[in-house]
Every structure is written in C-alpha cells, then in structure tokens.
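# Fold and geometry: a report
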Amino acid sequence: MDEKRPLEPAPSPQSSKRSKLDFEGESDSHPHTDSANATALGSRNVGSDHENVGGKPNKSKKSKDQNLKGRRRRDQASRDQWEARNSDTPKEPRLPKRECALMIGFCGSKYSGMQLCKVQPGLPEPRTIEGELFKALVAAGAVSKDNSEDPVKVGLARAARTDAGVHAVGNIVSLKMILSVPGVDDLRARINSLLPPDIRLWGFQRVQRSFNARLLCDARKYTYFFPSYLLIPPKPCSHLDRVLREYATSQGCEIPWNDDPFWKAIDPTTSNPQEDMIRKRAWRATPAHVERLRTIVQKFEKTHNFHNFTVARDPRDKTNTRFMKKLQIAEPAVYGETEWIAVSLDGQSFMLHQVSSYLKYLSVKLSVLNSIKRKMVFALVMLCRTGTPTNVLDELFGLTTVHVPKMPALGLLLEHPVFTGYNTRIAKLSPSDPDYREPINFEEYSEEMNTFKQRYIYDNMRNIEDRKGLFDGWIRSIDSYQGKDFLYLNPKGIIPPEAVVTKGERRQNPFRERKVFNLTSFAEDDNEKVQAEEPTDEADEEAEESLTKKELEDAEG
C-alpha cells in the first residue's frame, strides 16, 4: 500500500500578509509611502536606495536590503508553487512593472476633481480624472488584473490635486506600471484610445523607485483668466459703492472712482444689467490698469503668511506660510467681444480648502475643493477696481483675520507641476548610472498641449461666459453686498475693526458666497444669465469651518 503524501503546506500567516512580488521580486504594494518619502526628502536621499545622508555607501543597510530581497524571492517562489498546485484557475502571467511618471492633461468640467473618491453605499461612483485614467490603464494592460481593484497596490499618486471642475493642461501621476504589454506596439496611443477625449496622456517615462509625484513636486504653475471689465469700479448707487463711500467719508477721505468715465457716461440709476453688460464687453483696460495690476502682484511674491487666503486656519499656524516665486500679468487679449486678462501664479505648494455643495456625499464633507489662488486673484481685482493702497496686503499677511471671497472657479487652470529638485539631482548622475532617469519636462508635448488647451479649456471658458455671463453675475453679487466685510477696501489701506472676523463670534450680515460660482460646466441649452442674488444658492461656510486640521492637511497641494 502506497504511503500517503502529506498535503503541501499553505503559506504561513506571516508570509501571506507580505505583499506579492512582481516579475523582478519588487512588491506589488508601493514600497514608498508618503511618510517614507518624507524621510527620504529630509535626508536628501532620492537617488540610490543604498546611500546615507553623506552619500557614502551604508554596508549594513545594503546587506540587510539584499537579505530582505532574497527572502522575498524565496517566499514568492514558495507561494507560486503552492498556488500552482492548489488552484484550478489559470493565473495571468506576471509582467515586470516599473515606477513611472505619466504626464496628463484634462478639462475638468465634467469631473468631481482629480483624485479617486471612495464610493458611498447606495450612491453612484463620483467621476474623477484618476478614476478614468486608472480604468484605461487596466484595460490597456498597463496595470494587471490582480491590481485592478486597488490603485494603492501600484502606488498611485499625483503632483497636484485639482478641484472639481478645475482644468489642467499638465499634471503628473506616478505609479508602477507595465511598460511592455504583449500585442501592444504603441502603449500611449492605446491608453489614449481608451480615455475620454477631454483627458489626454501626453507621455510617460521611467523614474527612480523613490519617486512620488506629490512629495517631490517643488511647485505648481497656475493661470487665472478673467474678463477685464471686472476692473470697472463699483456701480454708483450699488450697495458696495454706498458702504465704501460712507466709510471713506467717515475717515475724512474720498473714494478714488468718483469720476470714473465708464459710469459717468450714463445715468447709472436707470441702466439695467443687460445694458451694462453690453457696455462692459466693449470696455478695454488701459495701460494704467495693467500697470496697477503688476504693481499689486509684486506684493504677493516671496514668503508670506497666507492664512487670510485659505479657510479654518489659525493665523499662527506655520503651515500658512508659503513662498510665491513669481506672479505675472499678461497683456490683455480680445476674444469675441470680450477682453481677457491672464494672471500667472508660480509658487510653492498651495493649500486647498473645502466647501460643501451639490456633491455632499463625498468624504470629509467635501464636494468642491477651492484654493488659495482664487482668493489671491479676488484681492488683486478688488484692490485695482477700488483704488485701495497695496499696503493693505501687509495687514492681510498679518495675524488679523478678514473675509476674502473667491473668484469663480471657471477661470482657473493648472499649467503644470515643477520638479526642479528631482531634475537637478538626476542631472548629476551619469547616463550609465543605474539610478539615472530622464528629467521630467513637458516641453516636448507643448504643441499638443496648446491645441488641447485651446479646444477643450479656453473655448469652453469663453463659451460659458458668453452664454451665462458668469463673471458679470459674480461681480454684481459683490457689488450688491451691503455689510461691512469689505471695509478693508478703503483709501487708507487699513483693516478697520468692523471688518475683522473673530473666531466664535457671529457677524452681522456676513457675505455669503454662491455655489454657482464653483461650477465650470452647464447644460448646452442653458443660456439663462447668472443672477447677482439667489438666496437658495449659498455655499455652506459652516462645513468649511468644521474641518479638522488633518482634513485640511489632506487637502494640501
């Protein structure tokens, strides 16, 4: 009688908890978490995995790493043998994965932001840029079926988290992906064929294993576009005109726009918004307006405390401090009947804040992310149109808190993230060095990116403004406010006590922002003009103020 062979032992609990390995023995789970990368950044160790702070080889660490890799290979071989003998279903062949940076662009109008969101029970899955990209990568074979249900397994990260509806002509997503897919000669073309036309993959390239798109991003370049008619002073007899005029008089001053030619040419007490809009579209900014804008943006440059340009932050919190490298004002350009002005913002990582709106089922009371950039442009526009001295910005960078609203989301565009530090470090390596990689640069895709930007972003922006009058509705909502929140817009450039916001104290008649100005997409047949006032369309500011510090930190970038 034959002796019975013992059953093949199953993997031990410790072994089964380990991450599965890819073709070369690298973990399916991304080995570089944000905390690990933060440590690597702090020690300036972004290159070789076996360098210490001084750049000298660490023999003990190298030996341990080699032993660990060997142990992982043996464990994987054991698991593969056990699975082959105890599984009736054929396994997909394992293909090698490499850490890669994917350069993408998108029009965000139809999406709930950049980042993947958790699906809430009983509710549809929010449509995001990362969600569409990941599905295309899986369908193209660049991500294996084993990893198709969980992007964390391939270490998905992004350089910039754009808000719902915000566009990006350039952004970076990093992950471990399969570069050689059987039967696919042009992987980029294959992935693009599976993506919606308003999301494009410009290209991809290998990066160092320690690469993380968010943590290694040094800066992000944004552009904000707005119609130049926003620089026209408040309409005489409007509530804002009356409030600012009365306060200036009480301080022994006169408002600077008393004799503004735009309003002096008509009787502002009898003109209606439709008549005003026709004249606004024909108005053109003067060289003096452009020079004034350029003087103001210089005050934002260098390092400041930007607590008044985010939300729910203690003014003394050090994370409010940001470095703005450069802000630029382009020459005005006419498109159709309207003149537009572009503001370029080039700075250190920006803080985002969160506002509740129509997608209330998203996590951390989140539906629409809004950023510091829209508040900065509000200050820029309002200081210019009211003639407020630039020294008020020094006070806004101080510890006093005031209410600074946001410009409409429609005008915001992420141009591309910047990886100066990473590119500088790899440039020091020889191309023959195994850690050498090509620098991250969008320049070679500039022609494709400009064509996409014109068709999917600029044309969409101008079409909505022409049909809906969104920016005009926004500026009229500012001018119709009759409270004291904007009294810091005065001829002396000081913040009066009446405009100060004190935590825990309820203000009389606070300014309420409108959810419609967070939108960047409207139905094609929706040609109804945006109204200045709509009581049922107020944004939920209480949701902003109730966010925890951790939730605000998660919105970084």
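Residues numbered from 1 in each chain as written. Predicted model: local features only at pLDDT ≥ 70, side-chain atom pairs only at ≥ 80, totals over all residues. Heavy atoms only, no water.

The protein chain carries the name Pseudouridine synthase in an unreviewed UniProt entry, which gives Lentinula detonsa as its organism. Per its UniProt entry, the protein chain bears the Sequence similarities (unreviewed entry) comment "Belongs to the tRNA pseudouridine synthase TruA family." In the Catalytic activity (unreviewed entry) part of its UniProt record, the protein chain is described as follows: "a uridine in tRNA = a pseudouridine in tRNA". (UniProt positions renumbered as here; feature names shortened; annotations may be inferred.)

Moving on, we get to the overall build of the protein chain. Broken down by element type, the protein chain carries 16 helices and 12 strands. The buried share of the protein chain, taken over its 557 residues, is 51%. In the protein chain, 77% of the contacts between residues at least 6 apart in sequence involve partners at least 24 apart. On the protein chain, roughly 27,000 Å² of surface is accessible, and the fraction owed to carbon and sulfur atoms is 50%. (Helix = DSSP H or I, 4+ residues; strand = E, 2+ residues; numbered from the N terminus. Buried < 20%, exposed > 50% of the residue type's maximum accessible area, 1.4 Å probe, protein only. Contact = heavy atoms within 4.5 Å. Areas by Shrake-Rupley, 256 points an atom, 1.4 Å probe, with all protein chains shown as cover.)

Right, let's get into the UniProt feature "binding site: substrate" (unreviewed entry) in the protein chain. UniProt feature "binding site: substrate" (unreviewed entry): in the numbering of this structure it lies at Tyr 222. By the secondary structure assignment, Tyr 222 is in strand S5 (residues 219-227). Residue Tyr 222 is classed as buried on the basis of its relative accessible area of 3%.

The residue Cys 237 is not glycine, and still its phi comes out positive at about 80°. Structurally, the position occupied by Cys 237 is in the loop between S5 and helix H6 (239-250).

Now for the packing of aromatic side chains. Tallied over the full model, the rule gives 18 aromatic pairs. Between Phe 211 and Tyr 422, the ring centres sit 5.0 Å apart and the planes meet at 70°, which makes this aromatic pair edge-to-face. Taken together, the residues Phe 211 in the loop between strand S4 (199-206) and S5 and Tyr 422 in helix H12 (residues 420-427) connect sequence positions 211 residues apart. When its relative accessible area of 1% is taken as the criterion, Tyr 422 is described as buried. Where Tyr 481 meets Phe 511, the ring centres are 5.3 Å apart and the plane angle is 85°; that geometry is what we call edge-to-face. (Phe/Tyr/Trp six-rings, centres within 6.5 Å; stacked < 30°, edge-to-face > 60°.)

Attention shifts here to helix H5 (residues 187-194). Along H5, the residues that are buried comprise Leu 187, Ile 191 and Asn 192. What you see down the axis of H5 is that its buried residues fit within an arc of 130°, all on one side. Where H5 is buried, its residues touch helix H4 (129-140), strand S3 (167-178) and S4. Sitting at the amino-terminal end of H5 is Asp 186, which places a side-chain oxygen 3.4 Å from the backbone nitrogen of Arg 188. (Arc of directions from axis to C-beta. Polar contact = N/O pair within 3.5 Å; in protein donor to acceptor, adjacent residues only side chain to side chain.)

What follows is about the UniProt feature "active site" (unreviewed entry) in the protein chain. Per the UniProt annotation, the sites labelled "active site" (unreviewed entry) are Asp 163. The buried category is assigned to Asp 163, whose relative accessible area is 3%.

Let us look at the pattern of salt bridges. Applying the stated criterion to the full structure yields 19 salt bridges. Of the charged contacts, one joins Glu 513 and Lys 406 as a salt bridge, the two residues approaching to 2.8 Å between their closest N and O atoms. In this pair, Glu 513 sits in the loop between helix H14 (470-479) and helix H15 (541-545) while Lys 406 sits in the loop between helix H11 (391-396) and strand S12 (412-418), placing the two residues 107 residues apart along the sequence. For Lys 406, a relative accessible area of 4% gives the class buried. For the salt bridge of Lys 468 with Asp 526, the shortest nitrogen-to-oxygen distance reads 2.9 Å. In this pair, Lys 468 sits in helix H13 (residues 446-468) while Asp 526 sits in the loop between H14 and H15, placing the two residues 58 residues apart along the sequence. Since its relative accessible area comes to 22%, Asp 526 is described here as partly exposed. Beyond isolated ion pairs, a larger network of salt bridges with shared partners links Arg 127, Glu 132 and Lys 135. (Salt bridge = Lys/Arg side-chain N within 4 Å of Asp/Glu carboxyl O.)

The next subject is the nonpolar core. Counting residues in each nonpolar core, the largest one holds 127 residues, and the members touching the most others are Leu 102, Ile 172, Phe 211, Phe 226, Phe 300, Phe 309 and Tyr 488. Ranked by the residues each element gives to this core, the list is headed by helix H10 (residues 372-386), at 10 residues. Those residues in contact with Phe 300 that lie beyond four places of it in its chain are Phe 306, Phe 309, Met 324, Leu 327, Met 376, Ala 379, Leu 393 and Phe 397. (Core = buried A, V, L, I, M, F, W, Y, C linked by side-chain atoms within 4.5 Å.)

Turning to the packing of H10 against H14, a few remarks are in order. In contact at an axis separation of 13 Å, H10 and H14 are set at 65° when each is read in the N-to-C sense. It follows from the interaxial angle that H10 and H14 lie roughly perpendicular. In terms of crossing hand, the pair formed by H10 and H14 is right-handed. Every residue of H14 that contacts H10 at Phe 378, Met 382 and Arg 385 is listed here: Trp 474, Ile 475, Ile 478 and Asp 479. Taken together, the residues that form the contact of H10 with H14 break down as 5 nonpolar, no polar and 2 charged. (Axes fitted to C-alpha atoms, helices over the stretch in contact; angles between N-to-C directions. Parallel < 35°, antiparallel > 145°, perpendicular 65-115°, else oblique. Left-handed = near helix turned anticlockwise from the far one by under 90°. Nonpolar A, V, L, I, M, F, W, Y, C, P; charged D, E, K, R; others polar.)

This part is about the packing of H4 against H5. The interhelical angle for the contact between H4 and H5, taken along N-to-C directions, is 125°, at an axis separation of 9 Å. Regarding the angle of H4 to H5, the classification is oblique. Once H4 is placed against H5, the crossing between them reads as right-handed. Contact with H4, carried on its side by Ala 136, Leu 137, Ala 139 and Ala 140, involves Leu 187, Arg 190, Ile 191 and Leu 194 of H5 and no other residues of that element. Residue composition of the contact of H4 with H5, by class: 7 nonpolar, no polar and 1 charged.

This part takes up the pairing of S5. By the criterion of burial, S5 is predominantly enclosed, with 8 of the 9 residues buried. Where S5 lies against S12, 6 bridges are found, and the strand directions are antiparallel. If you follow Tyr 224 over to S12, its bridge partner there is Leu 412. Inspection of the sheet shows S5 paired to strand S9 (residues 338-347) by 8 bridges, in the antiparallel sense. (Pairing = 2+ DSSP bridges.)

This part takes up the environment of Asp 346. Turning to its location among the elements, Asp 346 is positioned in strand S9. Not counting residues within four places of it along the chain, the set of residues in contact with Asp 346 comprises Ala 219, Arg 220, Lys 221, Met 324, Lys 325 and Lys 326.

Glancing now at the confidence of the model for the protein chain. A residue-level look at the protein chain finds 75% of positions with pLDDT of 70 or above and a mean pLDDT of 80. The secondary-structure element of the protein chain with the lowest mean pLDDT is strand S10 (residues 352-355), recorded at 30, while helix H9 (residues 287-298) shows the highest, at 97. A low-confidence stretch, residues 1-57 stays under pLDDT 50, and its non-local contacts, those more than four residues away or across chains, total 93 contacts. Confidence over residues 350-370 falls short of pLDDT 50; this stretch has 86 contacts with residues more than four positions distant or in other chains. (pLDDT = per-residue confidence, 0-100.)

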